Amino acid sequence: MSILHTEAVDRILKLTAPESDAVREEMEARADRERFPTVGPEVGAFLRLCVRMRGVSSAIEFGSGFGYSAYWMAPAIGSDGRIVLTEFDADELEQARDYFERGGLEDRATFEHGDALEIVERYDGPFDLVLLDHETSRYVEGFEAVRGKLSENAVVIADNVLHTGAVRPDDLVDALEGESRVSESERSTSKHPSLEGAVAYLEHVRSDPDFETAVVPLGDGLVVSVRL
Ligand SMILES: C[S@@+](CC[C@H](N)C(=O)[O-])C[C@H]1O[C@@H](n2cnc3c(N)ncnc32)[C@H](O)[C@@H]1O
């Protein structure tokens, strides 16, 4: 359950979620079993809505794991569209391919093994939607790597911004208000790269005049930036 809402809200989200399918249920069971940090169904449903609302036909993910978030978006992208999955871990990526094949969605997916920041260099875009779900400490880098490859109506969504690893929303409040509980020595040895990454990313996109940005407290916290 997300720490960002109550148990009742969690239950409501589950009761009102879009219909599942056998492959997605299998992915969810696996994430639970292996404690793998997928975006979860409520963020999955939100991502799919974004795809539909912005008429997305081209998307890229930074950090796809075994393909759960991409699997949510792919049906709405349509068979003429494309979603690029990127993943460091070759086994996870092979699992993603297998899930997509079994779900009949492989025609619209490209599976790229390696560092998302290097992979994106090989693409011209334009991308209508970008999901940043790799190392939080590299979100700014990821945003900048894809910024020049975005379509006019693009949306960039970053996950894990309010709650990531040991980082809790309270820590982020302190950091944003300049009263970080993280000591200087911890900062200098970068024990909190996720917190620093989340703060740096929020400041970066909020100060970019070409984007409008809002924090959406869903899952582990999303930062949604729409190109103006
Ligand atoms: C939070 S999981 C992704 C979950 C996935 N988006 C989902 O919701 O199902 C993060 C994944 O990103 C991968 N990763 C981290 N940094 C990466 C990078 N720079 N390039 C590619 N993959 C990366 C990790 O191996 C891990 O599998």
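All of the points below concern the structure found in this document. What you see is a predicted model, and the numbers here were worked out from it, not measured in a lab. (Residues numbered from 1 in each chain as written. Predicted model: local features only at pLDDT ≥ 70, side-chain atom pairs only at ≥ 80, totals over all residues. Heavy atoms only, no water.)

### As for the pairing of strand E4 (residues 127-132)
Line of reasoning, step 1. Counted residue by residue, E4 has six buried out of six residues, so it is predominantly covered.
Line of reasoning, step 2. As paired elements, strand E1 (residues 58-62) and E4 share four bridges and run parallel to each other. Residue pairing across strands places Glu61 opposite Leu131, the latter belonging to E4.
Line of reasoning, step 3. Across five bridges, E4 lies against strand E5 (residues 150-158) in parallel orientation. In the strand pairing of E5, Phe127 is matched with Leu150.
Line of reasoning, step 4. One crossover worth recording links E4 to the parallel E5 by way of helix H7 (residues 139-147), and it is right-handed. (Buried < 20%, exposed > 50% of the residue type's maximum accessible area, 1.4 Å probe, protein only. Helix = DSSP H or I, 4+ residues; strand = E, 2+ residues; numbered from the N terminus. Pairing = 2+ DSSP bridges. Right-handed = clockwise from strand over helix to strand, strands pointing away.)

### Observations regarding the packing of helix H8 (residues 169-176) against helix H10 (residues 193-206)
Two quantities define a packed helix pair, namely the angle between the axes and the distance from one axis to the other.
Line of reasoning, step 1. Viewed as axis vectors pointing N to C, H8 and H10 meet at an angle of 55°, and their least axial separation amounts to 10 Å. Relative to H10, the element H8 is oriented oblique. Helix-helix and strand crossings are classified by hand; for H8 and H10 the assignment is right-handed. Across the interface between the two elements, Asp171, Leu172, Ala175 and Leu176 of H8 pack against Leu195, Ala198, Val199, Leu202 and Glu203 of H10.
Line of reasoning, step 2. Classifying every residue of the contact of H8 with H10 gives seven nonpolar, no polar and two charged. (Axes fitted to C-alpha atoms, helices over the stretch in contact; angles between N-to-C directions. Parallel < 35°, antiparallel > 145°, perpendicular 65-115°, else oblique. Left-handed = near helix turned anticlockwise from the far one by under 90°. Contact = heavy atoms within 4.5 Å. Nonpolar A, V, L, I, M, F, W, Y, C, P; charged D, E, K, R; others polar.)

### Re the nonpolar core
Line of reasoning, step 1. Ranked by internal contacts, the top residues of the largest apolar core, which has 37 residues, are Met73, Ile83, Leu85, Phe100, Leu129 and Ile157.
Line of reasoning, step 2. Every residue in contact with Ile83, bar those within four places of it in the chain, is listed here: Ala59, Glu61, Ala70, Met73, Ala74, Ile77, Arg108, Ala109 and Thr110.
Line of reasoning, step 3. Membership of the second largest hydrophobic core comes to 32 residues, among which are Val84, Phe143, Ala198 and Val205. (Core = buried A, V, L, I, M, F, W, Y, C linked by side-chain atoms within 4.5 Å.)

### Focus on the side chain of Asp128
Line of reasoning, step 1. Tracing the sequence through the fold places Asp128 in strand E4.
Line of reasoning, step 2. One buried charged residue, Asp128, remains without a salt bridge, the closest side chain of opposite sign being Arg54 at 8.4 Å.
Line of reasoning, step 3. Side-chain polar atoms of Asp128 contact the backbone nitrogen of Ser57, separated by 2.8 Å.
Line of reasoning, step 4. When sequence neighbours within four positions are dropped, the list of residues in contact with Asp128 reads Gly55, Val56, Ser57, Ser58, Ser151, Asn153, Ala154 and Val155. (Lys, Arg positive; Asp, Glu negative; His and termini not counted. Salt bridge = Lys/Arg side-chain N within 4 Å of Asp/Glu carboxyl O. Polar contact = N/O pair within 3.5 Å; in protein donor to acceptor, adjacent residues only side chain to side chain.)

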